[in-house]
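Structure assessment
As a plain string of letters, each chain reads:
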Amino acid sequence: MLQLNQITIGFKRSQPLVSDISCSFDSGKLVVLIGSNGSGKSALLKTISGLIPTISGDIIISNQNIHKIEAHHRASLVSIMLATPPTIQNFTVEEIIHTGLQRFLRPFQKIESKHQQKIQEALEITGLNELKSAIFGKLSDGQKQKVMLARCLAQDSKIILLDEPLAFLDFPSRISFLETLKSTANLHNKTILFSSHDLQISAKFADEAIGIKNSQFYHYLPEQFSEINHFFEH
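The residue numbers shown here count from 1 along each chain, following its written sequence. Given that the model is predicted, a residue must reach a pLDDT of at least 70 before its local features are reported, and side-chain atom pairs must reach 80 or more before they are shown or counted; all residues, however, enter totals for whole chains, interfaces and linings. Just so you know, side-chain values use all the structure's heavy atoms and leave hydrogens and water out.

Quick word on the sheet that holds strand E5 (residues 64-65)
A pair of strands is considered paired only if DSSP assigns at least 2 bridges between the two. Runs of E in the DSSP output that reach at least two residues are strands. Runs of H or I that reach at least four are helices, and both are numbered from the N terminus. Pairing is antiparallel across the open sheet formed by four strands, whose spatial order is E2-E1-E4-E5. Looking at strand neighbours, the two that pair on one side only are strand E2 (18-25) and E5, the edges of this open sheet. Here strand E1 (residues 2-9) runs beside strand E4 (residues 56-61); their pairing, made up of five bridges, is antiparallel. When the bridges of E4 are listed, Leu2 appears paired with Ile61.

Quick notes on unusual backbone geometry
The backbone of Ser62 sits at a positive phi, close to 50°, despite the residue not being glycine. Examined against the element boundaries, Ser62 turns out to sit in the loop between E4 and E5. A positive phi angle, near 65°, is found at Asn63, a position not held by glycine. By secondary structure assignment, the location of Asn63 is in the loop between E4 and E5.

Comments concerning the pattern of salt bridges
The salt bridge criterion pairs a side-chain nitrogen of Lys or Arg with a carboxyl oxygen of Asp or Glu, the two atoms within 4 Å. If you walk through the whole model with that rule in mind, you get four salt bridges. A salt bridge links Asp156 to Lys118, with the nearest nitrogen and oxygen atoms 3.0 Å apart. You can see Asp156 sitting in the loop between helix H5 (141-155) and strand E7 (159-162) and its partner Lys118 sitting in helix H4 (residues 113-126), a full 38 residues away along the chain. Three labels apply to residues, based on accessible area from a 1.4 Å probe with only protein chains included: buried if under 20% of the type maximum, exposed if over 50%, partly exposed otherwise in between. On the accessibility criterion, Asp156 (32% relative accessible area) is partly exposed. Residues joined in a network through salt bridges with shared partners are Lys118, Asp156 and Lys190.

Quick look at the pairing of E4
In the sheet, E4 pairs with E5 via two bridges, with the strands oriented antiparallel. Its bridge partner being in E5, Ile61 is matched across the sheet by Gln64. Where E4 hands over to E5, the hairpin turn is made up of two residues, of which Ser62 adopts a positive phi near 50°.

Structure, rendered in structure tokens:
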């Protein structure tokens with residue numbers, strides 16, 4: 001379970017982006033995060049992942065405050081895919097996914113069969129099996145997004161955070177990607193939180209929705225989804 005307990009987020013204590021965010025999400029749920037550019041979506045995801053600290057409040061995953069544990073332990077609880085794919089050129093797809101397993105390995109330790117199995121499962125879930133030997137730098141942006149999702153899956157964290165994962169995908173690929181997220185959350189008991197501007201499509205797959213607008217935080221259950229149709233209107 002992911003719990004946000006009265007957290008305030010932002011990069012400066014004197015200028016918080018959003019204050020007093022409180023909500024919780026059960027395992028096995030796909031949650032969409034909506035809001036305009038600059039509203040604080042990316043900051044919220046980075047705060048939940050532990051990349052930036054909260055201004056106040058606590059983030060609890062599996063009864064552990066993620067800002068009070070060591071980084072390698074935090075990696076077992078939460079993984080994040082950032083909005084822009086990394087500018088890595090010469091690694092293969094499989095090698096990129098392998099980097100998500102670093103918390104399991106000691107320096108220079110060879111990958112074990114159980115770790116290779118996690119990589120293989122991630123490749124199959126994301127439909128990248130035929131591209132595992134392809135050079136990451138030569139892939140399309142949409143393919144790179146799928147590779148980074150596979151990296152999160154191989155990391156095998158309880159919480160997966162995705163910042164605008166649909167941005168570089170065409171319409172059919174968006175549907176396919178959301179189907180993958182939905183089945184991964186439900187079948188593998190993950191909590192997946194992703195930000196998106198494509199509310200119409202995302203709401204068809206999401207179990208819950210949260211939003212940030214004018215520095216206010218909103219939380220919607222499925223029966224309230226009709227209320228968010230005009231979320232981006234002023």
